[in-house]
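What follows is each chain in one-letter form.
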Amino acid sequence: MVHYTFQFDKAQLDSLQVPAADFEEAEQLLSAELKQAILTAKDNISIFHSKQVSAPEIIETMPGIKCWRKSVGIERVGLYIPGGSAPLFSTILMLGVPASIAGCREIVLCSPPDQNGKLHPAILFAAKTVGVTKVFRIGGVQAIGAMAYGTGSVPQVYKIFGPGNQYVTCAKQLVQQEGLAIDMPAGPSEVAVYADETAPPAYIAADLLSQAEHGADSQVLLVTCSEKLVKQVEQAVNEQLSALPRKEIAAKALENSKLIVVRTEEEAMGLLNAYAAEHLILSCSNAEALAEKVINAGSVFIGNYSPESVGDYASGTNHTLPTNGYARAYSGVSVDSFVRKITFQQLSNDGLQRIGQTVIEMAEAEGLQAHANAVRVRLK
């Protein structure tokens, strides 16, 4: 791993694990304002995700037969945090907070270092804040491999979380084929916006660019019934793009993107549900009503004052979401992503007497005599 870190990240390391001194240094390097922003975001994410926890409920399906289900945290999870052109310390909050709430005993984090072998101080501050237990300076495919199989220093985990580029996504899918769990196929970012003429073009342009700047392989989509709005948004995008520090990256993403004019609102919603965007923004006069018609999306942002970037950072919902149409079958990360749900049952003698003949009849009909005998021997 040290070899690959030098080959791909140009960092010469003696040890892959981040030393304790780096965490102390990171806290000193960050401004008080940024540290407070991280803590505020963490609080909101904690409030939202803590409500996803429910106590086990014992259900008596028949007299003397009790069944229940209990959530148990996955013992060891791995978090991958991109750290190249954009160190996504916000993703640590989105993954670390629900992992802690779920009760995961060990939370391992991997992120690529800079050429000096350092991680961005905000990554280290966020990791410490949410209770990450070990942080390693490894990025890319090699980080996924290290967490999937374990190394001399990196422990093997039972499930890997976190977004990444197409190579990281492919690596996650490959290790999944060998039995390791992953959160979801979460690749390059995407946003779809449905807007009518009540939406300010500058707002729409800003939302489109906020996703386009993630990477050259990101995709943004505007769907509207107004040709006039399309022209206004194009102008606003060009004006805002020129002022962005990451304008070259955003411009490449825009080459993969579309502005689509449809005839009716129904046609627009049909298209958007088929597209199944990671992020869906409804910037229109009847946004709340349209939100009820959404059946495929990772996360929905309702109205002109709900920019996607708020969900990316601090409103409380999770920003680790399915992309590339996977929202048709996958959900975004939640506390449920970090737990296994184990079922329990307990029968009294009376309960077994009541249900025993039912089980015997079914088992014998399937030709499984030993199953029937496991009940019959107790009925005697």
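Shown above is the structure to which this text applies.
Because the structure is a prediction, the values reported are computed rather than measured. (Residues numbered from 1 in each chain as written. Predicted model: local features only at pLDDT ≥ 70, side-chain atom pairs only at ≥ 80, totals over all residues. Heavy atoms only, no water.)

Colleague: Describe the environment of Asp 312, with residues and values.
Modeller: Following the sequence through the fold, Asp 312 ends up in helix α13 (residues 308–313). Taking C-alpha positions, Asp 312 is 9.8 Å from His 279, a pair spaced 33 residues apart along the chain. Every residue in contact with Asp 312, bar those within four places of it in the chain, is listed here: Ser 90, Met 94, Gln 211, His 214, His 279 and His 319. (Helix = DSSP H or I, 4+ residues; strand = E, 2+ residues; numbered from the N terminus. Contact = heavy atoms within 4.5 Å.)

Colleague: Which residues make up the nonpolar core, and what values go with them?
Modeller: Counting 39 residues, the largest nonpolar core has Val 77, Leu 79, Ile 92, Val 132, Val 135 and Phe 338 as its most contacted members. Here this core gets eight residues from one element, more than from any other, and that element is helix α4 (residues 89–102). Beyond its immediate sequence surroundings of up to four residues, Val 132 is in contact with Leu 79, Ile 92, Ile 107, Leu 109 and Ala 127. (Core = buried A, V, L, I, M, F, W, Y, C linked by side-chain atoms within 4.5 Å. Buried < 20%, exposed > 50% of the residue type's maximum accessible area, 1.4 Å probe, protein only.)

Colleague: Which residues make up the sheet that holds strand β7 (residues 181–182), and what are the values?
Modeller: Sheet strands pair via backbone hydrogen bonds, and the direction of the pair is either parallel or antiparallel. As summarised here, the arrangement of the five strands in space is β5-β4-β3-β6-β7, forming an open sheet in which the pairing is parallel. Of all strands in the sheet, those bounded by a partner on one side alone are β5 (134–136) and β7. Across three bridges, the pairing between strand β4 (residues 106–110) and β5 is parallel. Note on β5: the bridge partner recorded for Cys 110 is Phe 136. (Pairing = 2+ DSSP bridges.)

Colleague: Could you give me a rundown of the sheet that holds strand β9 (residues 219–224), with the residues and numbers involved?
Modeller: With parallel pairing, five strands are arranged side by side in an open sheet as β10-β9-β8-β11-β12. Strand pairing shows two members of the sheet lacking a second neighbour, β10 (258–261) and β12 (299–302), which therefore form its edges. Averaged over all pairs of adjacent strands, the angle between strand axes in this sheet comes to 15°, irrespective of strand direction. In this structure, strand β8 (residues 190–195) lies alongside β9, joined through six bridges in parallel fashion. Counterpart to Val 191 in the pairing with β9 is Val 220. Packing of helix α8 (residues 201–212) onto the sheet brings it into contact with β8, β9, β10 and β11 (279–283), and relative to β8 it is tilted by some 170°. (Axes fitted to C-alpha atoms, helices over the stretch in contact; angles between N-to-C directions.)

Colleague: Break down the packing of aromatic side chains for me, with residues and values.
Modeller: This structure, assessed with the given rule, holds four aromatic pairs. Taking the centre distance of 3.9 Å and the plane angle of 10° together, the rings of Phe 161 and Phe 338 count as stacked. Taken together, the residues Phe 161 in strand β6 (residues 159–161) and Phe 338 in the loop between α13 and β13 (339–347) connect sequence positions 177 residues apart. Measuring from ring centre to ring centre gives 6.2 Å for Tyr 203 and Tyr 305, while their planes differ by 70°; the resulting arrangement is edge-to-face. On the criterion of sequence distance, the pair formed by Tyr 203 in helix α8 and Tyr 305 in the loop between β12 and α13 is long-range, its members being 102 residues apart. (Phe/Tyr/Trp six-rings, centres within 6.5 Å; stacked < 30°, edge-to-face > 60°.)

Keep in mind these values describe shape, not function.
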